[in-house]
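# Structural features, examined
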Amino acid sequence: MPAAASPARADTRLSVLTGVGPALREKLAARGLSTLQDLWLHLPRSYEDRTAVTPIRLLQPGVAAQVEGRVEAVERGFRYRPMLRVALSDEGRGTLVLRFFHFRAAQVAQFAVGARVRAYGTPRPGQFGLEIVHPSYQVLGGEVALGETLDPVYPAIEGIGPASLRKLVLQALQRLPDEATLELLPQALRRALHLPSLREAILTLHMPPRDADVAALQSGLHPAQRRLALEELLAHQLGLRRQRLALQAEGTRALRGDEKLVAKLKKSLPFALTKAQARVYAQLREDLRQPRPMLRLVQGDVGSGKTVVAAMAALLAVADGRQAALMAPTELLAEQHLNNLRGWLEPLGLRVCWLAGKVTGKARAQALQDVASGAAQVVVGTHALMQEGVDFHDLALAIVDEQHRFGVHQRLALRDKGKGSVPHQLVMTATPIPRTLAMSAYADLDVSAIDELPPGRTPVTTIALAAERRPELVERIRAACAEGRQAYWVCTIIDESEEVVAQAAQSTFEALQAALPGVRVALVHGRMKAAEKQATMRAFKQGEVGLLVATTVIEVGVDVPNASLMVIENAERLGLAQLHQLRGRVGRGSAASSCVLLYQSPLSAMARERLDTLRQTNDGFAIAEKDLQLRGPGELLGTRQTGLAAFRMADLTRDADLLPQVHALADRLLAEAPQLADRIVDRWIGGAARFAAA
Ligand code: ADP
Ligand code: MG
């Protein structure tokens, strides 16, 4: 424990620390570190154990350790690039090579034969036995004491060296208040979970004692880490819930729930609603009749029929003489919604208006005018809907599709389009999220699920096929098309620019066109003009095109019931959720459908598991659970969308078992101690600003 300086308030600025001038302050602020508390919670990402010396003979490849020995030999080479090799041996007669590729002349001079060196790093097998590349090291003059505590390794901060950062953290820790001041969690809870106080946890993590459980620390399972994770999860939960309460406290105008238009729509549909659709619609209607804004997430697997439910909700707004907006993350998807809604609503005498980035000039001016005058009752578009200059006459309902593509902030931006009264919000997602995770990620939303597919769908048969067997597939496509069926061929390249993907799709398109003379083959990719894409999609939808070669632009929403075969190239490189989404494009009609996952062998164990999962199940929830297990929630939810990626300590997969405690505690705090709840949110999330001002 550092000698106590006078304890300080958590929000004390970092300029109180010795050596923090304007330049340093700015660098810290760039990383979100501006108060003492920020530094207390700037946690190490790993630890190095320099409290002991390991005999060289006992080193294990891949296991970091500290060694000490005398320099036996030094070799400087320039074979392919400059290189310095220092052979070190210790009393135990072990020898280890330290290897450097970047070094200065002064460094070379230090390594005189016979000099004593203490080095730390991860040994790997090298040309002459074990070696450590670029170890951290120290040439020892006299006796130098070993470390008292494990050395924390902090996430790097641009322009600040690790040693300076360490000093700053230690200075900040000297001002850590006593337990009574710092602690916000009820003691009974900590006891029940066997977790330390916050003060103890912070000190342990910055200065773990020599006998600390290093393995637990490295894996984030040390009680001190769990303690912080608990509080951080709680803070996020409280933040979202508080935001929801604030929004609902504002109130809004209730809709009457007049269903005359809904009844007309239902009558005109060529199908009856599923039970699940009817149930979710009834929930929405109930929400909309309240004088506080609806905040509801509707989950439904691909093809479950979310769009028509959204359309019915929109009609409740329109029946009251007000407006509804539907926002989708991509132009292609938005266009498809536009076509659906126009097909359903225009026969009822309504005007559905289109607003996307590519709508410009006169068309845009007209659209803006229709939105502002209320001539357009329903507005469909991309995030262009949220832009400035888009003024609604009277927006009652904001619908957002495929939420995982939008940030919470973007979603919130639509609510400000309500002028005078907050619009009701409906979020739709096809990414099924396991329940506990949903409770954390969407604590600001009520969640309902359309957990049933329309009848008459035959499950998609999925097979995995090595890429070498591509010719067989081409044959299969020819046969399907000859029977009047249609197919998708999805080209994927990961981590490349849209341009490269487009080129790959182009050459696949050309190859398939050449291989399938009797079939009309078409191409869509993200670099094409919207009008061109739309024309191609229309031709495919109308059955004029037999095989559609596409990039993942077709991932969301595209709906062509006659398409019954899908080929996905490089399937081993895609995540489960994405593959499931893609596959959801087939199996929409009554014909038996199949999905072929083409892969490049050899498959990694992880990739094999993903492909196996898809072969075994069509159930989006089961797939999401597996995905969560394989990849973690950040990936599953999309990194940006919830602010979840900003966790400092918590990890929703690793710490999932804490979530029930977190949810229960959040309920209690909001009911019994709202000020305390505010303090917890402020500590971790930096005040109301980050959420509420979005
Ligand atoms: P998603 O939930 O993936 O957005 P969509 O709303 O695009 O699904 O619906 C998929 C297809 O199913 C559309 O062609 C839609 O018209 C149709 N559909 C929706 N509800 C039903 C139903 N109850 N019965 C039959 N077909 C339906
Ligand atoms: Mg959809």
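Residues numbered from 1 in each chain as written. Chains lettered and ligands numbered in written order. Predicted model: local features only at pLDDT ≥ 70, side-chain atom pairs only at ≥ 80, totals over all residues. Heavy atoms only, no water.

## Re the site of ligand 1
For ligand 1, the set of nearby residues contains 16 residues, the closest of which are Gly303, Lys306, Thr307, Arg457 and Asp559. Thr307 is positioned with one of its side-chain polar atoms (N or O) 2.6 Å from an oxygen atom of ligand 1. Within the side chain of Arg588, one N or O atom sits 3.4 Å away from an oxygen atom of ligand 1. Here ligand 1 has 570 Å² of accessible area as a free molecule, and 86% of this is covered by the chains. Each residue belonging to the shell around ligand 1 can be placed in one class, and the counts come to five nonpolar, six polar and five charged. (Near = heavy atom within 4 Å. Polar contact = N/O pair within 3.5 Å; in protein donor to acceptor, adjacent residues only side chain to side chain. Areas by Shrake-Rupley, 256 points an atom, 1.4 Å probe, with all protein chains shown as cover. Nonpolar A, V, L, I, M, F, W, Y, C, P; charged D, E, K, R; others polar.)

## With respect to the nonpolar core
One finds Leu28, Ile202, Leu228, Leu234 and Ile680 to be the most contacted residues of the largest nonpolar core, which totals 71 residues. In contact with Leu28, not counting residues within four places along its chain, are Leu14, Val20, Leu33, Ile157, Ile160 and Leu168. (Core = buried A, V, L, I, M, F, W, Y, C linked by side-chain atoms within 4.5 Å. Buried < 20%, exposed > 50% of the residue type's maximum accessible area, 1.4 Å probe, protein only. Contact = heavy atoms within 4.5 Å.)

## What to know about the packing of aromatic side chains
Summed over all chains, the structure comprises four aromatic pairs. Each ring, one from Phe100 and one from Phe111, has its centre 5.8 Å from the other, and the planes form 40°; the classification is tilted. Here Phe111 lies in the loop between α3 (105–110) and β5 (116–121) and Phe100 lies in strand β4 (residues 95–100), a separation of eleven residues in the sequence. The two residues Phe100 and Phe111 agree in class, both being buried. Ring geometry for Phe111 and Tyr137: centres 5.0 Å apart, planes at 40°, overall tilted. Taken together, the positions of Phe111 in the loop between α3 and β5 and Tyr137 in strand β8 (residues 136–140) put the pair 26 residues apart, joining distant regions of the chain. On the accessibility criterion, Tyr137 (23% relative accessible area) is partly exposed. Three or more aromatic residues joined by ring pairs form one cluster here, namely Phe100, Phe111 and Tyr137. (Phe/Tyr/Trp six-rings, centres within 6.5 Å; stacked < 30°, edge-to-face > 60°. Helix = DSSP H or I, 4+ residues; strand = E, 2+ residues; numbered from the N terminus.)

## Here's the deal with the sheet that holds strand β6 (residues 124–126)
Read across the open sheet, the seven strands follow the order β6-β7-β4-β3-β2-β5-β8; overall the sheet is mixed. Each of the sheet's edge strands pairs with one partner strand only, and the pair in question is β6 and β8. Taken pair by pair, the neighbouring strands of this sheet meet at an average axis angle of 45°, ignoring direction. Two elements, β6 and strand β7 (residues 129–133), share three bridges in a ladder whose sense is antiparallel. The partner of Pro125 across the bridge, within β7, is Leu130. (Pairing = 2+ DSSP bridges. Axes fitted to C-alpha atoms, helices over the stretch in contact; angles between N-to-C directions.)

## With respect to the confidence of the model for the chain
Mean pLDDT for the chain: 86, with 91% of residues reaching 70 or above. Throughout residues 636–645 the model reports pLDDT below 50, and contacts reaching past four residues in sequence, or to other chains, amount to 27 contacts. Predicted confidence for residues 687–694 stays below pLDDT 50, and this span has 19 contacts to residues more than four positions away or in other chains. (pLDDT = per-residue confidence, 0-100.)

## What to know about the environment of Ala624
Inspection of the secondary structure assignment puts Ala624 in helix α22 (residues 620–631). Each C-alpha atom of the pair Ala624 and Thr431 lies 7.5 Å from the other, and the pair is 193 residues apart in sequence.

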